[in-house]
Structures are given as structure tokens and as C-alpha cells.
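Summary of the model geometry
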Amino acid sequence: MVSDSGQIYTIEGVAAAILMIVTAYLVVSSTTIITQQDVHIIDMQLEQLGNDALAMMDTPDSFGNNSTLASAIQVNDTTVFQDTFLDYVNAYTVTGPETMRYNATISYRSSTEDIQTFIFNASPYYRENAVKVSRWVYLPYFNNTYYPEQSDMRSGNQTVLLEVLLWRQ
Amino acid sequence: MAPMNEQGQWIVMLGFIISIILVFLALIVNQSALVGKTTAEGVLEFPKAQIQDIREEIMEYYWNGAIDDVNLMSDTRNISMEKKGAIINYTYDPISPFGDFISIHYHDGTTDYYETIEIEK
């Protein structure tokens, strides 16, 4: 009772249906669905970038010397800090726009046992999405004459905390 | 009893299958929001960079001979408590002639980290 006419027609219909379903699946699965909670991924990448840049700057180039970061903070050289940090953080494989900005603050323990904070180098911050990365900096034989505005900084061996707020312009 | 109508079985069955597939895909899209949130948040929450940083700092004190400087210990403890809300404590035991022991404790409220370093002489 089974009729064997129209078999090619049926096979062509089934094959076309399978082809359409597979194509639709490929198209849908190749797009990434960005949800509101995915902003954490962007923050994590920015934080990793900032931490890596500060870790590179805090590593001395040869044994026994001070690192770039410690030298810059010892003598209050904001130009060296800015150039090196932005160089590391804006590194692209091709020349691209320099879109990273930062605010750097230093916290120290003053001679009166208070924790004071001052701005080391900053760009204006207009509430962009920013992350804060930090680095402990060891300053051996620190001389507080380089910081005339911070009169209560101790001289001698000192550790300060450098905090950098980092964002994309 | 009238004979059952056996026409259209293919179409009805395929309709069922496609609706079940759609429900499954909707479930996947719904769960993807939660997965993205928890993995990235887990990475952000664990203080990997802070622990590596304080270890490097304390070893720098040691190799510069300033591991038992009280000023540095006060600096580290107070600034960490005030600015980062984390407890950092380290002790130095020169148990000669075997070696030096440095123990580091870091606690930021969520992650508790203890470490003992033995440096043989």
C-alpha cells in the first residue's frame, strides 16, 4: 500500500529543512549575547592591564638598582611616571589612539602617625567607568625635600601606596 | 468505530520537536547571563594582584636588609588597613644556623592567606 512515487521530492524537502535549521543555528550561535552583567569582564581586563603595567614599572632593570617607579616617586618626577605608564598601557600592535587616562595618588604614613594622601599626577575625571589598581612602593633613604607641599612626610626608609585610577577616554 | 486519521503525523511531530528546541535555547540564553556574571566577578574578587604585590614588597624588604624595620612594618600595616581595608602582617624569625623564616598573613575580609617562607643560609 506504500506508494513509491515522489521519493526524490520528499528527500529534497527534508534536506532543505535540515540545511535551513543548521544555517540558522550557526548564525545565532556565532553572536555573543552581551548582558548587563558582562561589564565585569571589561573591568577585569582593565584591572589586569593596570596591574601588569605597574608591576613592570616596579621591577628594577638590573639587580641592586631602584625600579623606574621607585626612582620617579623618590624625586617627584611626574613626567617620567606619566610617559612610562601611558606607554605601557596604550601599547597597541599598530599605532592607535591614546585613549587611556589615569589619576595617580600616593598614600603615606606621616610623622604624626596619620595616613595622608596626595595627588601625584592626574587628568580630569568625568565619571567614566574606571578601575583602581595599586602598588606598594619601597622608598629606601627617602628624602622629603622633593615634596615641599607634604611637610609631614618622614625621611628615611619608607613604604607608600600608589593608587592609580584607570579609565578609557 | 471510525478508522483513525493518520494524515499529518509528520508535521505535528516536527512542530513538537521544534517547540522543545526553542524552549531549550531560551533556557541557555537565560543561564548565560548568570554564567558571565559569576566567572568575571570571581576573578575580580580574588585578590591575586594584591597578594603578589605584598609578597614582592616583603621580599624586597628582606633583600635590602630592612625586614625588621619597625617603620616599614607600621607603614605597611596602617596604610593597608586604612586605604585597602586589608590586614597585612608579617614576622621575621632568624633561626640561625638553619635559615630565616618569614611568615606573611593577608586577610581582606573574603580571602585569608597565610604563607611561610624559609630561606636557607
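Here the structure is a predicted model, which is why all the values come from computation and not from measurement.

**Details of the sheet that holds strand β3 (residues 112–120) of chain B**
Residues and elements named next belong to chain B.
- In spatial order, the strands read β1-β2-β3; together these three strands make up an open sheet with antiparallel pairing. What marks the edges here is a single partner per strand, and that holds for β1 (87–95) and β3. Shown here is a sheet whose adjacent strand axes are inclined to one another by a mean of 10°, direction ignored.
- Note: strand β2 (residues 99–107) against β3, nine bridges, orientation antiparallel. Bridged to Phe-101 within β3 is Glu-118.

**Here's the deal with the interface of chain A and chain B**
- At the junction of the two partners, chain A supplies 30 residues and chain B supplies 31 residues.
- Taken together, both faces of the contact between chain A and chain B bury some 2800 Å²; the carbon and sulfur share is 59%.
- Contact with chain B buries area across many residues of chain A, yet Arg-109, Trp-136 and Tyr-138 of chain A alone supply 27% of it, more than any other trio.
- The interface formed by chain A and chain B includes five salt bridges.
- Arg-135 of chain A is the partner of Asp-53 of chain B in a salt bridge, and the nearest nitrogen-oxygen pair spans 3.4 Å.
- Where chain A packs against chain B, one counts eleven residue pairs in polar contact (both at pLDDT 80 or more).

**Details of the confidence of the model for chain B**
- Chain-level pLDDT for chain B is 87 on average; 95% of the residues reach the 70-or-more range.
- In the predicted complex, the global pTM is 0.75; the interface-specific ipTM is 0.73.

**As for unusual backbone geometry**
Residue and element names in this part refer to chain A.
- Backbone geometry places Glu-113, a non-glycine residue, at a positive phi of 65°.
- Of note, Glu-113 is situated in the loop between β1 (100–109) and β2 (115–122).
- Residues other than glycine seldom take positive phi values, yet Arg-127 does so here, at roughly 65°.
- As for its position among the elements, Arg-127 is in the loop between β2 and β3 (130–142).
- For Arg-127, a relative accessible area of 77% gives the class exposed.

**Comments concerning the layout of surface pockets**
- Counted as a void, the largest pocket has a volume near 460 Å³.
- Forming the boundary of the largest pocket are 15 residues, of which Ala-24, Tyr-25 and Val-28 of chain A together with Ile-21 and Leu-25 of chain B lie nearest the centre.
- Those elements that provide at least two residues to the lining of the largest pocket are α1 (7–29) of chain A together with α1 (9–45) of chain B.
- For the lining of the largest pocket, the element with the most residues is α1 of chain B, which contributes seven residues.
- Of the residues contributing to the lining of the largest pocket, the split by class is twelve nonpolar, three polar and no charged.

**Things to note about the sheet that holds strand β4 (residues 156–168) of chain A**
- In spatial order, the strands read β2-β1-β4-β3 (chain A); together these four strands make up an open sheet with antiparallel pairing. Among the strands making up the open sheet, the edge pair consists of β2 and β3 of chain A. Each adjacent strand pair in this sheet contributes to an overall mean axis angle of 25°, direction not counted.
- With eleven bridges connecting them, β3 of chain A and β4 of chain A associate as antiparallel partners. The residue bridging Tyr-138 of chain A from the neighbouring strand is Thr-159 of chain A, located in β4 of chain A.
- Strands β1, β2 and β4 of chain A of the sheet are contacted by helix α4 (residues 78–89) of chain A, whose axis makes an angle of about 130° with β1 of chain A.
- Strands in contact with helix α2 (residues 48–63) of chain B are β3 and β4 of chain A; relative to β3 of chain A, the strand with the most contacts, it is inclined by about 5°.

Reading the values: the criteria
- Residues numbered from 1 in each chain as written.
- Chains lettered and ligands numbered in written order.
- Predicted model: local features only at pLDDT ≥ 70, side-chain atom pairs only at ≥ 80, totals over all residues.
- Heavy atoms only, no water.
- Pairing = 2+ DSSP bridges.
- Helix = DSSP H or I, 4+ residues; strand = E, 2+ residues; numbered from the N terminus.
- Axes fitted to C-alpha atoms, helices over the stretch in contact; angles between N-to-C directions.
- Contact = heavy atoms within 4.5 Å.
- Buried area = accessible area lost by both parts, 1.4 Å probe.
- Salt bridge = Lys/Arg side-chain N within 4 Å of Asp/Glu carboxyl O.
- Polar contact = N/O pair within 3.5 Å; in protein donor to acceptor, adjacent residues only side chain to side chain.
- pLDDT = per-residue confidence, 0-100.
- Buried < 20%, exposed > 50% of the residue type's maximum accessible area, 1.4 Å probe, protein only.
- 1 Å grid on protein atoms, 1.4 Å probe; cavity = no way out; pocket = protein on both sides within 12 Å on 5 of 7 lines; lining within 4 Å.
- Points joined across faces, edges and corners; volume = space filled by probe spheres on them.
- Nonpolar A, V, L, I, M, F, W, Y, C, P; charged D, E, K, R; others polar.

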